[in-house]
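Examination of the molecular architecture
Read off the chains here:
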Amino acid sequence: MDSRALGGFTLLLFSFWQLGLTATNYNCDDALVSPLPSTALTSSSELFSTHSPSFAKLNRRDGAGGWSPLDSNERQWLQVDLGDRVEIVAVATQGRYGSSDWVTSYTLMFSDTGRNWKQYRQDDTIWVFTGNSNADSVVHHKFLHSMKARFLRFIPLKWNVSGRIGLRVEVFGCSYNIADFDGRSSLLYRFNQKLMSTFKDVVSLKFKSMQGDGVLFHGEGQRGDYVTLELQKGKLSLHINLGDSNLHFSNSHTSVTLGSLLDDQHWHSVLIERFNKQVNFTVDKHTQHFRTKGDSDHLDIDYELSFGGIPVPGKPGTFQRKNFHGCIENLYYNGVNIIDLAKRRKPQIYTVGNVTFSCSEPQVVPITFVSTSHSYLLLPGTPQIDGLSVSFQFRTWNKDGLLLFTELSENSGPLLVYLHASVFLNIVSCTSFFTPCTCILPGTNLHDGLWHSVNINARRHRITLTLDNNAATASHATTVSRIYSGNSYYFGGCPDNFTDSQCLNPVTAFQGCMRLIFIDNQPKDLILVQQGSLGNFSDLHIDLCGIKDRCLPNYCEHGGKCSQSWTTFYCDCNDTGYMGATCHNSIYEQSCEGYRHQGKTSGFFYIDSDGSGPLGPLRVFCNITEDKIWTAVQHNNTGITRVQGADPEKPYTMSFNYNSSAEQLEAIINSAEYCEQEAAYHCRKSRLLNTPNGMPFAWWVGRANEKHLYWGGSLPGIQQCACGLEESCLDMRYFCNCDADREEWTNDTGLLAFKDHLPVTQIVITDTNRSNSEAAWKIGPLRCYGDRQFWNAASFNTEASYLHFPTFHAEVSADISFFFKTTAVSGVFLENLGIKDFIRVEINSPKEITFSIDVGNGPTEATVQSPTPLNDNQWHYVRAERNLKQTSLQVDSLPKKVLEAPAEGHFRLQLNSQLFVASRQKGFLGCIRSLHLNGQKLDLEERAKTTPGVKPGCPGHCSSYGNLCHNGGKCVEKYNGYSCDCTNSAYEGPFCKEEVSAVFEAGTSITYIFQEPYPVTKNASTSSSAIYADAVMSKENIAFSFLTAHTPSLLLYINTYFHEYLAVILSKNGSLQVRYKLSKDGLLIFTIDSGNFANRELHHVKINREGRELVIQYFFCCTADSLSLDPEVSKANAYGFTGCLSSVQYNHIAPLKAALRHPSVAPVTVKGSLTESSCAAIMEADVNTVTTIYSSSGMSCQEGNGEFKRCCRVRYSAENKLCY
């Protein structure tokens, strides 16, 4: 759960947490050494009898005032026998009374038997306790985690250099109250009154069991209240219902499940804390916070609570469940020690069945098969017995694995039992491998980590396989030969030497645990296997089930679903909006600027403002224009809404829903340079703010749920509308038009643009209940532009320069992304250090980027090699990520380098220094921008403003991104990024890629005329404007697209004052002709007759010419003036052009774009009806792509006298038809 969301919750439950902690350690601070007999303290040696360990109790002064050994060295110890297994929570030490002998540091060891000692550890290290600085002061240490033991040893490490080892000790804790339940017994705690009604409850206990199901406690009431804690398939479920007669049972029921593999015969701690509807449920170290359903805050329980089972089910809300089979210790309910009351036979406790007060230890020895290739267990059978009987239990996370193989006696053939695809147990029993008899037993999710039992019984020719003791689903098969018991049974796998064993494994070896193995109805003692006196084995752990739930906790982020095998876990990221090995990375950009950088145009997109952070993606509209990139978030009411009948007693209120959380909107607003929302109030005898000095009749509520008394176009804190600031109100006595209270309609409209107050979450109106009073309001969508982070950059000018930020906290998952550009051959981009751990990203050489990290297992380095230098002063993108499964590095679009993480070992990244961008030891020269760490944005520019050697910003974006401006668009450098200037392009849009198209009807024409003829010579010295300079170049670059169904047609006509011209026409047969007439040359005709171009398909044409100078008058499209035209051009001109033209370009002039955008401005003239439209949308159908290349022999390229003079090359298709 998000820590921010829990802020208020933490405050609410502060005293409640204290209650829970007290209950957990209820009466667990008793002094345990003081009441012990002196014989309970022993030592490695003693200096004299007066210095014996019997005098080593805290604050004792008899004898020599404490214990001192014969020799002061690190091999000495003081041991305490606490008499029974107890919980130890703290220790205290003193030196020897009135002496110079004291211990300055020590360690602790503990044991249940006085042998097989374990060292006390904290944070995975042997913990060294600080001792005393004099002989008599007491130094007390409370453990971070309590320990359970009977024996405790103090091991002195250092002591006063001027004295000897001297020690007095005390141990604090509490005795354990243990109850053993046999699956049919329970304890009933009966209340003093009929009904116990509580608004807060605390239950704490520890349990261990071999059974995966069973009720630990239950209580219920007549109103439908109940609370139940039970084991279900090895997990702990808490069911709670605070009875509410107004709610159906199913609607008020709340269930939460925690833990996994809790049937492992190890102790597990449970703490349940309830305060009204708020519940904290803790199993071992994992806590879940939740609220119960329903309206009631009280839990009403009738008569009693039962522990260990439900003895008399049948009350309303009760459900049949198994009783608990195992041990419970230190069981407290609201401060009452239940087991202690039961041991002392107090009347509040009623015992059902056989409950004993010591924990029986079942003599069950599990084994773990570690390897998928070498693990096996060989056990002997009794050969030649008529029939077969084998049973065992297994648990695993793997879908496949051999469970059992044996070669049956009397040539009965082999028998195999193996797990396949997790849902089948396959048995193969046959007289030979070539004639198998297969028995397949379907199972259900057999790789779920739970214990499953397998029973195989054979008699004569019939074999039976039973799964989980369910005889109803047992599978049977018949064999050709009679079945006799085998001599050797291989469990889990086969030895490497197949010749000696003849063991067959059709799948992989089994990884998992087994127990309770019976062969020929005889149990097998696996301790004898461990001692080497029975069978054989390889790669086994005996007397241990090493199964581990790798999905607890769930390291799949953002709602990813976790699954696992024996050695690792997997994350299913479908439908989460995230990707990667742990669903860490958002599949969406963080802003509309990111989509624009990808070359996207306007549309609806999902943006994820904090990337891999906790905030989810949000659907917005990105309006990507040439000038700005706007992000718009709609709400549930953006239209004009009329209001009547509202007054201060019955106000009109409208709340706005943006289909997002407040945190998501806040992230968008904070990341933007500017945000706004239009606020419009149309009124007739309806006052708005009641200016100049009255209480407002309308207001709006903003982000922090604050009431705001200014209107659109005004400023925060000023109770005015836009006309008040501009001094343009209808009545100058008021600061809003509507406050004049006139009979006729008027309005106050403007933009709310103070980011800290946005978005508008509610509007309130109270003055529409008078005669003829009416209002209509409109609150527009939230609109923002400018990504403050995408172009946020810093320039590092010296190798000694760096920026520092707070420590990067990313224990289990970390991602770092940024852009850089440099000319240096090496340097550190980013570095953060810990005591041992570290994280670093650097450029090692011009072609090599390395991501280095150490989480305590030794350094891991992911390196990406580039085929081209990366120090080319161009922007390059880097993304480094580390999670529990992988370490990866991505550079630009190069192949990602991925290193798999080890399955075991340290996994938490512990950093404690500042985060350095660049490095103090190995500097970086160049620029870094858009730096994100786990989705959080680092403001490089703000930090650079106050750091010597570092400058905010970094110029030179066009050198990297100029290629994103297409079709002749020009890249324009900006402080925060770049823009594409499409002035001289036939296209428009943010990247000059959007076609400008128009539909021409009969009689429609566009004329683009230079205002006066401009004779051009090579030595012309007269200055000219840019537009004339473009027009008189000695070459022509012409491009356009067309779509028509009419022939003949004149598409393009260029005419000079010297009767030179260029015409592009469609002939009557649909062929395309380009006709040139130069002053000293004859008519040149280029015909493309590969098909009918008047086929209602979009065709693209490009014409490039270099020749002598021209004085040009440009006539374009449809009809030409009455000039001297050759007959074919005249004929086409008479018909004009009907169809669609798109993206017309002549050198650096875009006549069609000019006609559509500035139709009334010279030198453009439009005649007839010209309608902007999309040519592509007009096409009726797609056609298959066809590509044809013509040479001079394949087309008519001729002069007027018929001689071949020139040739042209044409490439055309449905997508791309170009003429060169």
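What counts and how
Residues numbered from 1 in each chain as written. Predicted model: local features only at pLDDT ≥ 70, side-chain atom pairs only at ≥ 80, totals over all residues. Heavy atoms only, no water. 1 Å grid on protein atoms, 1.4 Å probe; cavity = no way out; pocket = protein on both sides within 12 Å on 5 of 7 lines; lining within 4 Å. Points joined across faces, edges and corners; volume = space filled by probe spheres on them. Helix = DSSP H or I, 4+ residues; strand = E, 2+ residues; numbered from the N terminus. Nonpolar A, V, L, I, M, F, W, Y, C, P; charged D, E, K, R; others polar. Buried < 20%, exposed > 50% of the residue type's maximum accessible area, 1.4 Å probe, protein only. Arc of directions from axis to C-beta. Contact = heavy atoms within 4.5 Å. UniProt positions renumbered as here; feature names shortened; annotations may be inferred. Pairing = 2+ DSSP bridges. Axes fitted to C-alpha atoms, helices over the stretch in contact; angles between N-to-C directions. Salt bridge = Lys/Arg side-chain N within 4 Å of Asp/Glu carboxyl O. Phe/Tyr/Trp six-rings, centres within 6.5 Å; stacked < 30°, edge-to-face > 60°. Disulfide = S-S within 2.5 Å. Core = buried A, V, L, I, M, F, W, Y, C linked by side-chain atoms within 4.5 Å. Polar contact = N/O pair within 3.5 Å; in protein donor to acceptor, adjacent residues only side chain to side chain.

This part is about empty space enclosed by the protein. Tallied over the full model, the rule gives four cavities of 30 Å³ or more. Quantified by volume, the largest cavity comes out at close to 140 Å³. Lining of the largest cavity is provided by 14 residues; of these, Asp201, Val203, Val227, Ile272 and Leu299 occupy positions nearest its centre. At the level of elements, strand 13 (200-209), strand 16 (235-241), strand 18 (268-275) and strand 21 (299-307) are the ones that each hand at least two residues to the lining of the largest cavity. Within the lining of the largest cavity, the residues separate by chemical class into 12 nonpolar, no polar and two charged.

Within helix 13 (residues 1127-1135) the residues assigned to the buried category are Val1129, Ala1132 and Asn1133. An end-on view of helix 13 places all buried positions within 105° of arc, on one side of the element. Every exposed residue of helix 13 that faces more than 90 degrees away from the buried side is listed here: Pro1127, Ala1134 and Tyr1135. In this structure, the buried side of helix 13 is in contact with strand 78 (1049-1056), strand 79 (1061-1066) and strand 80 (1072-1077).

Per the UniProt record, "domain: EGF-like" (unreviewed entry) is annotated on residues 547-584 and 955-993. Across residues 547-584, the secondary structure splits into 0% helix and 26% strand, with the terminal C-alpha atoms separated by 26 Å. A distance of 25 Å separates the end C-alpha atoms of residues 955-993, which is 10% helix and 31% strand.

This part covers the layout of surface pockets. Over the atoms rolls a probe the size of a water molecule, and in doing so it shows where empty space is left. Considering only enclosed or pocket space, the second largest pocket measures out at about 1,600 Å³ in volume. In terms of lining residues, the second largest pocket is bounded by 45 residues, among which Lys233, Gly234, Lys235, Gly259 and Ser260 are the most central. Secondary structure elements with two or more residues in the lining of the second largest pocket: strand 17 (254-258), strand 20 (286-291), strand 33 (452-459), strand 37 (512-519) and strand 41 (561-564). A per-element tally of the lining of the second largest pocket places strand 20 first, with four residues. Here the residues of the lining of the second largest pocket are counted per class, giving 13 nonpolar, 22 polar and 10 charged.

Side-chain positions along a regular strand alternate between the two faces of the sheet. Among the six residues that make up strand 65 (residues 886-891), five are buried, leaving the element largely enclosed by the rest of the structure. Pairing between strand 64 (residues 876-882) and strand 65: five bridges, direction antiparallel. Looking at the pairing, Ala880 lines up with Leu889 of strand 65. Where strand 64 folds back on strand 65, the antiparallel hairpin that results is connected by three residues.

Further remarks concern the sheet that holds strand 14 (residues 214-220). In spatial order, the strands read 17-16-15-14-21-12-24; together these seven strands make up an open sheet with antiparallel pairing. Pairing within the sheet leaves two strands with one partner each, and these edge strands are strand 17 and strand 24 (349-352). Between one strand axis and the next, the sheet turns through 20° on average, direction left out of account. Where strand 15 (residues 226-232) and strand 16 come together, seven bridges link them in antiparallel fashion. Paired with Val227 across the strands is Ile240, a residue of strand 16.

Attention now goes to the environment of Tyr350. You can see Tyr350 is positioned in strand 24. Tyr350 sits in the partly exposed class, given a relative accessible area of 43%. Here the alpha-carbon distance between Tyr350 and Leu188, two residues 162 residues apart in the chain, equals 5.0 Å. Contacts of Tyr350, omitting those with residues within four sequence positions, involve Ser186, Leu187, Leu188 and Arg190.

Evaluation of the coordinates by the stated rule reveals 34 salt bridges. For the salt bridge of Lys277 with Asp297, the shortest nitrogen-to-oxygen distance reads 2.7 Å. Within this pair, whereas Lys277 is found in the loop between strand 18 and strand 19 (278-283), its partner Asp297 is found in the loop between strand 20 and strand 21, the two being separated by 20 residues in sequence. Residue classification places Lys277 among the buried residues on the basis of a relative accessible area of 14%.

Examined against the element boundaries, Asn705 turns out to sit in the loop between strand 51 (698-701) and strand 52 (707-708). In this structure Asn705 comes out as exposed when scored by relative accessible area, which is 65%. The spacing of Asn705 and His757 is 52 residues in sequence and 9.0 Å in space, taken between C-alpha atoms.

Below, the discussion takes up the packing of aromatic side chains. As enumerated under the stated definition, the model contains 40 aromatic pairs in all. Note on Trp630 and Tyr785: the rings are 4.8 Å apart at their centroids and 75° apart in plane angle, and the pair reads as edge-to-face. Taken together, the residues span a long stretch of sequence, with Trp630 in strand 47 (residues 629-633) and Tyr785 in strand 56 (residues 782-787) at a distance of 155 residues. When the ring of Trp791 is compared with that of Tyr961, the centres are 5.9 Å apart and the planes differ by 75°; the resulting orientation is edge-to-face. Placement of Trp791 in the loop between strand 56 and strand 57 (793-796) and of Tyr961 in helix 11 (residues 958-961) is noted, with a sequence separation of 170 residues between them.

A few words now on the state of the cysteines. Each disulfide is one covalent bond, formed between the sulfur atoms of two cysteines. Under the counting rule described, the total for this entry stands at 17 disulfides. Between the sulfur of Cys675 and that of Cys784 lies a disulfide, 2.0 Å long from S to S. An S-S torsion of about 110° defines the bridge between Cys675 and Cys784 as right-handed. Note that Cys675 is positioned in strand 50 (residues 672-684) and Cys784 in strand 56, a separation of 109 residues in sequence. In this pair, the class of Cys675 matches that of Cys784, namely buried. Between the sulfur atoms of Cys683 and its disulfide partner Cys738 the distance amounts to 1.9 Å. Because the torsion about its S-S bond is -95°, the bridge between Cys683 and Cys738 counts as left-handed. Of the two residues, Cys683 sits in strand 50 while Cys738 sits in the loop between helix 9 (722-726) and strand 53 (746-752), which places them 55 residues apart along the sequence. Here Cys683 and Cys738 have matching classes, each one buried.

A few words now on the nonpolar core. Of all hydrophobic cores here, the largest spans 43 residues; its most connected members are Tyr681, Leu688, Trp711, Trp777 and Leu782. In terms of residue count, strand 50 provides more of this core than any other element does, five residues in total.

As a further point, take the environment of Thr749. Relative to the helices and strands, Thr749 is located in strand 53. Put simply, Thr749 and Lys778 are 29 residues apart on the chain and 9.1 Å apart in space, counted from C-alpha to C-alpha. Side-chain polar atoms of Thr749 contact the side chain of Asn747, separated by 2.7 Å.

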